Amino acid sequence: MLSARAVTKRYGSTLALNGATFDLDAGRVLAVVGANGAGKSTLIKSIVGLMRFDGQILVDGIDVARDGRGARRRIGYLAQNPAFHQDLSVRETAIFYARLRGAPEEAAREAVEHVGLGEHAEKLVGALSGGMRQRLGLAVAQLGDPALYVLDEPGTGLDVAARLELRDFIRAQRARGKSVLLSTHWLEDVPATADEVLVLDRGRVTFHGPSADFVVSNAVRSRLFLRLNGHTDDAIPLIQHAAGHEVARSGEWISVTCPTDGKTKVFETLLENGIVILDFRVEEATTASTDGTGGQS
Amino acid sequence: MTATMAIFGKELRDAVRSRWLVAFALTFALVALALAVVQEQGSVGAQGFNRTTASLINLCLLLVPLLALILGASAIAGERDRGTLGTLLSQPLSSADLLIGKYLGLTVAVWAAVVLGFGAAGLLVALVSPVTDFGHYLLFVVLSGALASAMLSIGMLISVLSEGRSKALAIAVLTWFALVLFYNLVAIGFALSVASSGEMLLVSTLLNPVETVRILAVLSLEPDLHVLGPLGAYLYVEFGPALSAVILGVALLAWAGVPLTAAAAIFRKQDA
């Protein structure tokens, strides 16, 4: 579905991408990870045709540099901070982009409903929160039923619930045989969403392989997502005091990052204090290091 | 083509929503009407349209280029400022599709504003003055639209070359000053002192779409050598009115096409 060969991009004397080469098959999810400035966004913008580059990128066999329009017809792109015309409503925006993509207006309405913006359809884009704009970006990316989704830091600005929905969206696309390439600096996202990992370091691909090989080094960590019975404010200091875990609140959810063997302590602390857990989700975390057994460096 | 039409439709809708174009059309209509009424009071005989048209030449040569340059300069640079350029170009359309869609949308919008403004005034003038020179009036509306098309094309080139909207607008206003206010002095001075020749006068005329339209308008109304000015007078004497009109018309078409083509070529090579 996606093939990159020796993709190189220079900004003056700075080499932002240095010969990136990889393939992504249909129905697979590839996470591109790396620090800020590693070249993730440059790679993604090159795939989408927003940047000129040396080398070759093929999307479904179509050369991005030669037939950008044809390649982009097969790509659903979500930018890190999606920007839309602020004076258009959500509905007008979706219809406008549906026209650009040659999709029927009905598809625009369905996409808006699908991302949960149906009741905000008449709201102006300028009045949307960052998370809602991200949802609108996801709706636009779905128009025309693209075969490849390219998502640049899709979790940015989303609350916990929206992040979980995003993961469900990615899994659903994979189940439909679509390919997904996403960039992230949340390493915890990798095992939860990706089949493969591509690590970029200062423009170079330092690892590409199955996410199973992208394993923990010496800091095994998990992340718990918890929805409690209205005692969230009480729970946060309790968890922090009990085990010194990192706790963050996002809407009605809290996330707790802790050593893998410290998960039970969190549950014990909450139950001992009479706090009922309405819902929870656990994700195993990784670090950027790999075991070097399955990937190509 | 679908994508170009979508961009075209959006530009047109934005223009309809925009207060600028409505204000422009109203201003033109009101000023045209005021000029017609004033001149009707002082006129002898039925020559309302001809007098109104002649009086509107200078107003048109000031306002139409300014409006078109500003709209053109905002077209791409504004999207760049808002961050929407990347969103647009990540869709299945080429940079040329975007540029042409915007140009066509803005051109139709400005033509509509010019036609509405002058049209409304023309109807009112016809009520107070017997119609004798309606053809000239219509020709002048067409010339105004053609001038807008040329200046939009230059504005689009400015827009593509500018990093942001404020920079593009500054360059557009400077361009307007240069073409509308200072050009004649500089061009004539250069043609007569540095490279004193008829060819230089001709080139000087064709290098400015505002001057091109001014001479075309005067040629169609009253080919008086004093009114034509030195550049127009040279053309008139050298080529006659018909050939001069053809040369100027071709130059105007080139002004509408060449900057836009250059903008498309540059835009295609830029990173979004």
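Here, the structure is the one placed above.
These figures come from a predicted structure and were not determined experimentally.

### Side note on the overall build of chain A
- Scanning chain A from N- to C-terminus turns up 9 helices and 14 strands.
- Sorting the 297 residues of chain A into buried and exposed places 53% on the buried side.
- For chain A, long-range pairs separated by at least 24 residues make up 70% of all intrachain contacts whose partners lie at least 6 apart in sequence.
- Put simply, chain A shows about 12,600 Å² of open surface, and 47% of that area lies on carbon and sulfur atoms.

### A few points about empty space enclosed by the protein
Residue and element names in this part refer to chain A.
- In total, this model carries 3 cavities of 30 Å³ or more according to the counting rule given.
- In this structure, the second largest cavity encloses a volume near 70 Å³.
- Among the elements of the structure, strand 6 (75-78) and helix 5 (130-142) are those that each provide at least two residues to the lining of the second largest cavity.
- Residues belonging to the lining of the second largest cavity are distributed by class as follows: 6 nonpolar, 4 polar and no charged.

### Quick look at the interface of chain A and chain B
- Across the contact, 21 residues belong to chain A and 27 residues belong to chain B.
- Summing both sides of the interface, chain A and chain B together bury roughly 2,200 Å²; the carbon and sulfur share of this comes to 57%.
- Viewed at the interface, chain B and chain A are joined by 3 salt bridges.
- Arg17(B) is the salt-bridge partner of Glu92(A), the closest N and O atoms lying 2.8 Å from each other.
- Summed over the shared surface of chain A and chain B, the result is 12 residue pairs in polar contact (both at pLDDT 80 or more).
- Mapped by element, the contributors of at least two residues to the side of chain A that touches chain B are helix 2 (68-73) and helix 3 (90-100) of chain A.
- Per element, the largest residue contribution to the side of chain A that touches chain B is 5 residues, and it comes from helix 3 of chain A.

### What about the pattern of salt bridges?
- One pass over the structure, following the stated rule, counts 25 salt bridges over all chains.
- The residue Lys9(A) makes a salt bridge to Asp271(B) at a minimum N-O spacing of 2.7 Å. A residue pair is termed interchain when its members come from two chains, as with Lys9(A) in strand 1 (residues 2-11) and Asp271(B) in the segment after helix 10 (225-268).

### Description of the layout of surface pockets
- Space inside the largest pocket adds up to approximately 670 Å³.
- Every element with two or more residues in the lining of the largest pocket is listed here: helix 1 (2-17), helix 2 (19-42), helix 3 (48-82), helix 5 (95-128) and helix 7 (165-194) of chain B.
- In the lining of the largest pocket, the residues fall into 8 nonpolar, 5 polar and 10 charged.
- Size it by volume and the second largest pocket reaches roughly 570 Å³.
- Around the second largest pocket, the lining comprises 24 residues; the ones closest to its centre are Gly49(A), Val64(A), Ala65(A), Arg72(A) and Arg268(B).
- Those elements that provide at least two residues to the lining of the second largest pocket are helix 2 of chain A together with helix 4 (84-89), helix 5 and helix 10 of chain B.
- For the lining of the second largest pocket, the element with the most residues is helix 2 of chain A, which contributes 3 residues.

### A word on the packing of helix 3 of chain A against helix 4 (residues 105-114) of chain A
All names here are of chain A.
- Remark: helix 3 packs on helix 4, axes separated minimally by 8 Å, with the N-to-C direction vectors making an angle of 130°. The orientation of helix 3 with respect to helix 4, classified from their angle, is oblique. Here the hand of the crossing between helix 3 and helix 4 comes out right-handed. Here Val90, Ala94, Ile95, Ala98 and Arg99 of helix 3 come into contact with helix 4, specifically with Glu105, Ala108 and Val112.
- Of the residues belonging to the contact of helix 3 with helix 4, the class tally is 6 nonpolar, no polar and 2 charged.

### Structural notes on the pairing of strand 8 (residues 179-184) of chain A
Residues and elements named next belong to chain A.
- Burial of strand 8 is extensive: 6 of the 6 residues sit out of reach of the surface.
- With burial as the criterion, each face of strand 8 is covered, one bearing Ser179, Leu181 and Ser183 and the other bearing Val180, Leu182 and Thr184.
- In the sheet, strand 3 (residues 29-33) pairs with strand 8 via 5 bridges, with the strands oriented parallel. Across the sheet, the residue bridging to valine 32 is serine 183, located in strand 8.
- Pairing between strand 7 (residues 148-152) and strand 8: 5 bridges, direction parallel. Its bridge partner being in strand 8, aspartate 152 is matched across the sheet by serine 183.

### Examining helix 5 of chain A
Residue and element names in this part refer to chain A.
- Here helix 5 is 13 residues long and its end C-alpha atoms lie 19 Å apart, about the 18 Å a rise of 1.5 Å per residue gives.
- A large share of helix 5 lies buried, amounting to 10 of its 13 residues.
- Among the residues making up helix 5, those that are buried are Gly131, Met132, Gln134, Leu136, Gly137, Leu138, Ala139, Val140, Ala141 and Gln142.
- Residues of helix 5 that are buried in the fold lie against strand 6, helix 3, helix 4, strand 7 and helix 6 (160-175).
- With its phi angle positive at about 85°, glycine 144 sits one or two positions after the end of helix 5.

### Some words on the packing of aromatic side chains
- Throughout the structure, instances matching the rule amount to 7 aromatic pairs over all chains.
- For the pair Phe84(A) and Tyr97(A), a centre-to-centre distance of 5.6 Å together with 80° between the ring planes defines the contact as edge-to-face. Of the two residues, Phe84(A) sits in the loop between strand 6 and helix 3 while Tyr97(A) sits in helix 3, which places them 13 residues apart along the sequence.
- Grouped by ring-pair contacts, the aromatic residues Phe84(A), Phe96(A) and Tyr97(A) constitute a single cluster.
- When the ring centre of Phe96(A) is taken as origin, the NZ or CZ atom of Lys10(B), which lies over that ring, is 5.9 Å away.

### So, the sheet that holds strand 4 (residues 54-59) of chain A
Residue and element names in this part refer to chain A.
- What the 4 strands build is an open sheet, ordered 2-1-4-5; its pairing is antiparallel. Every interior strand has two partners, whereas the edge strands, strand 2 (14-24) and strand 5 (62-63), have only one.
- Judged from the 2 bridges that link them, strand 4 and strand 5 form a sheet pairing that is antiparallel. Bridge assignment links valine 59 to a residue of strand 5, and that residue is isoleucine 62.
- Sheet contacts for helix 1 (residues 40-48): strand 1, strand 2 and strand 4; angle to strand 2, the most-contacted strand, approximately 60°.

### Focus on the side chain of Thr107(B)
- Relative to the helices and strands, Thr107(B) resides in helix 5.
- Other than its neighbours up to four places away in sequence, Thr107(B) contacts Ser149(B) and Leu152(B).

### Concerning the side chain of Asp97(B)
- One can find Asp97(B) in helix 5.
- Within polar-contact distance, the side chain of Asp97(B) engages the side chain of Thr4(B) at 3.4 Å.
- If we ignore the near neighbours within four places in the chain, the residues touching Asp97(B) are Arg69(A) and Thr4(B).

Reading the values: rules and limits
The numbers attached to residues start from 1 for each chain and follow its sequence in the written order. Starting at A for chains and at 1 for ligands, labels are handed out in the order in which the entities are written. Owing to the predicted nature of the model, reporting of local features is limited to residues with pLDDT of at least 70; listing and counting of side-chain atom pairs is limited to 80 or more, with chain, interface and lining totals taken over all residues. Computation of side-chain values: all heavy atoms of the structure, hydrogens and water removed. A run of H or I in DSSP counts as a helix once it spans at least four residues, and a run of E counts as a strand once it spans at least two, with each numbered from the N terminus. Here's how the labels work: a residue is buried when its accessible area is under 20% of the maximum for its type, exposed when over 50%, partly exposed in between, all with a 1.4 Å probe on protein chains only. Whether two residues touch is decided by their heavy atoms; if any such pair falls within 4.5 Å, the residues are in contact. In this description, accessible areas are obtained by the Shrake-Rupley approach with a 1.4 Å probe, and a residue is regarded as covered only by the protein chains that are shown. Whether a set of points on the 1 Å grid over the protein atoms alone is a cavity depends on a 1.4 Å probe fitting there but being unable to get out, while an open set qualifies as a pocket with protein on both sides within 12 Å along at least five of seven lines; lining residues are those with an atom within 4 Å of a point. Grid points are joined across faces, edges and corners, and a volume is the space filled by probe spheres set on the points. When residues are sorted by character, Ala, Val, Leu, Ile, Met, Phe, Trp, Tyr, Cys and Pro go into the nonpolar class, Asp, Glu, Lys and Arg into the charged class, and all the rest, Gly among them, into the polar class. Two parts placed together each lose some accessible area; with a 1.4 Å probe, that loss summed over both constitutes the buried area. Should a side-chain nitrogen of Lys or Arg be within 4 Å of a carboxyl oxygen of Asp or Glu, the pair is scored as a salt bridge. Here a polar contact is recorded for every N or O atom pair within 3.5 Å, except that within protein the pair must consist of a potential hydrogen donor and a potential acceptor, and residues adjacent in sequence are included only if both atoms are side-chain atoms. Helix axes are fitted only over the stretch in contact, all axes being lines through C-alpha atoms; the angle between N-to-C directions runs from 0 to 180 degrees. Angle categories are assigned with fixed cut-offs, so that under 35 degrees is roughly parallel, over 145 is roughly antiparallel, 65 to 115 is roughly perpendicular, and the rest are oblique. Handedness of a crossing follows from how the near helix is turned relative to the far one, being left-handed for an anticlockwise turn of less than a right angle and right-handed for a clockwise one. Each pair of strands is called paired provided DSSP finds at least two bridges between the two strands. Between the first and last residue of a helix there are one fewer steps than residues, each counted as 1.5 Å, and that sum is the expected span. Any two rings among Phe, Tyr and Trp, with Trp reduced to its six-membered ring, count as a pair given centres within 6.5 Å; such a pair is stacked if its planes are under 30 degrees apart, edge-to-face if over 60, and tilted if neither. A ring has a charge above it when a Lys NZ or an Arg CZ is no more than 6 Å from the ring centre and no more than 35 degrees off the ring normal.

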